[in-house]
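An overview of the molecular structure
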Amino acid sequence: MECFSMSRPTAKVAIVGGGINGFSCGVNILQSIPNTEVTILAEVLPPNTTGDNAAGLIFPFAINETKMESVLKWVKETIVFCNQMSLTGEAAAAGIFPQSGFYVVGDDDNALQYKDILLTFDVISAEKMKVIMPSINSKAAFATTYVMEGEPFLAWLTKRFRRYGGNVQQVKIHSLSELSSKYDIIVNCTGMGAKELVQDNEVFPVRGQVIKVKAPFIKHFFIDQRNDLTMTYIIPTSETVTVGGTAQKGNYNVDVDLSDKKRIMDGACRMIPNLKNCTYIRDWVGLRPGRRSVRLEKETMHFNGKTISVIHNYGHGGAGLTLSWGCAKDVVSLMKQDIANKISSRL
């Protein structure tokens, strides 16, 4: 949708947060709700967000206590979007492409449900996996999904948002009350920032550390996340391979930990010995926005005598890209309902 009415906007919307969820919400709102004025306000914008460094493998990992039913729904929406993009000429520029690989199932009770939303998902016995990968003594699955590579996708998303008429302001918002006089609806996509902005003490950092390498001989992804302390994943993207990783809850350290780096690389080389021949590019450390469960809900708040609807969308942990499009669809649904209720109340 690329035409907009010159009449008074149906709603003026402020999105606080300029990462993957903020821009996904912005594009979906402008596509789905005609005559809406949308502004993204954020202190940090692409290409400097956490999501810009993500490999972006779309996969339905469990996210703390978030209902698996919701996770699967959101992931399915993101995969549908990727599939639609793959049928256009824009997928390559957006960093979207299908990718197959091995996922070590272990005791993941949800794994069989993945078959319904991924492009393919075929279980491999522990015996066969031992032949393919001697370091793995567990059943696995060979699955096909999409990669939605962080930096190129966020660049594409930012351009799309602006093309649809969206506004971007690089500014730090200290309180939602700052926005109450100018906007009708606020969408809170602040990730870790929600801990301070809305005093949400359930928000915590999930420290991620990865190594970016050049390894053109790696053609498939390999994931073993049976244990957060010893997790190993190898994800090839357009030009590099991301080797990880860590998921350290409550750890605010953004410096490279050399012991983590050694464990990550040793684990990856046990899984794929040929990685010893890779070319090192750089290390990356980031704080993913963890929470007991993803917060996606509407809240009515009062500022300076004005009642305003705030739609919260944060707490996605390390699955920001994976859940982004599905969560944005739910934000749009909540917003449509809110606008309809306000119009009805005026009649």
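The following refers to the structure shown.

Reading the values: rules and limits
- Residues numbered from 1 in each chain as written.
- Predicted model: local features only at pLDDT ≥ 70, side-chain atom pairs only at ≥ 80, totals over all residues.
- Heavy atoms only, no water.
- Pairing = 2+ DSSP bridges.
- Helix = DSSP H or I, 4+ residues; strand = E, 2+ residues; numbered from the N terminus.
- Axes fitted to C-alpha atoms, helices over the stretch in contact; angles between N-to-C directions.
- Salt bridge = Lys/Arg side-chain N within 4 Å of Asp/Glu carboxyl O.
- Buried < 20%, exposed > 50% of the residue type's maximum accessible area, 1.4 Å probe, protein only.
- Phe/Tyr/Trp six-rings, centres within 6.5 Å; stacked < 30°, edge-to-face > 60°.

1. Topic: the sheet that holds strand S2 (residues 36-42)
- One open sheet accounts for six strands, arranged S6-S2-S1-S7-S15-S14; its pairing is mixed. On the outer flanks of this sheet lie strand S6 (167-170) and strand S14 (295-303), each paired with one strand and no other. Here the strands of the sheet are splayed against their neighbours by 20 degrees on average, with no regard to which way each runs.
- Two elements, S2 and S6, share four bridges in a ladder whose sense is parallel. Bridge pairing in S6 places Ala42 opposite Gln170.

2. Considerations on unusual backbone geometry
- The omega angle of the peptide bond from Pro46 to Pro47 is 10 degrees, so this bond is cis rather than trans.
- Mapped onto the secondary structure, Pro47 falls in the loop between S2 and helix H2 (68-86).
- Along the chain, Gly244 connects to Gly245 via a cis peptide bond; the corresponding omega equals 0 degrees.
- Inspection of the secondary structure puts Gly245 in the loop between strand S11 (241-244) and strand S12 (248-249).
- One non-glycine residue with positive phi stands out, namely Asn35, at about 60 degrees.
- The residue Asn35 is located in the loop between helix H1 (20-32) and S2 in this model.

3. What about the pattern of salt bridges?
- Per the counting criterion, the structure on display carries 14 salt bridges.
- In this structure, Asp224 and Arg226 form a salt bridge, with 2.8 Å as the shortest nitrogen-oxygen distance.
- Take Arg226: its relative accessible area is 44%, and that puts it in the partly exposed class.
- Where Glu299 meets Arg295, a salt bridge forms, and the shortest distance between an N and an O atom there is 3.2 Å.
- Here Glu299 falls in the partly exposed class, since its relative accessible area comes to 28%.
- Here the salt bridges do not stand alone but share partners, grouping Glu65, Asp200, Glu202, Arg291 and Arg292 into one network.

4. Topic: the packing of aromatic side chains
- On inspection of all chains with the given rule, the structure shows twelve aromatic pairs.
- With centroids separated by 5.6 Å and ring planes inclined at 90 degrees, the aromatic side chains of Phe23 and Phe161 adopt a geometry described as edge-to-face. Separated by 138 residues along the polypeptide, Phe23 in helix H1 and Phe161 in helix H5 (residues 150-163) bring together distant segments of the chain. Of the two residues, Phe23 and Phe161, neither departs from the other in class, the shared state being buried.
- Aromatic pair Phe102 and Phe142: ring centres 5.0 Å apart, planes at 65 degrees, arrangement edge-to-face. Remark: Phe142 occurs in strand S5 (residues 140-148) and Phe102 occurs in strand S3 (residues 96-104); sequence separation between them is 40 residues.
- Through a chain of ring-to-ring contacts, the aromatic side chains of Phe59, Tyr103, Tyr114, Phe121 and Phe221 assemble into a single cluster.

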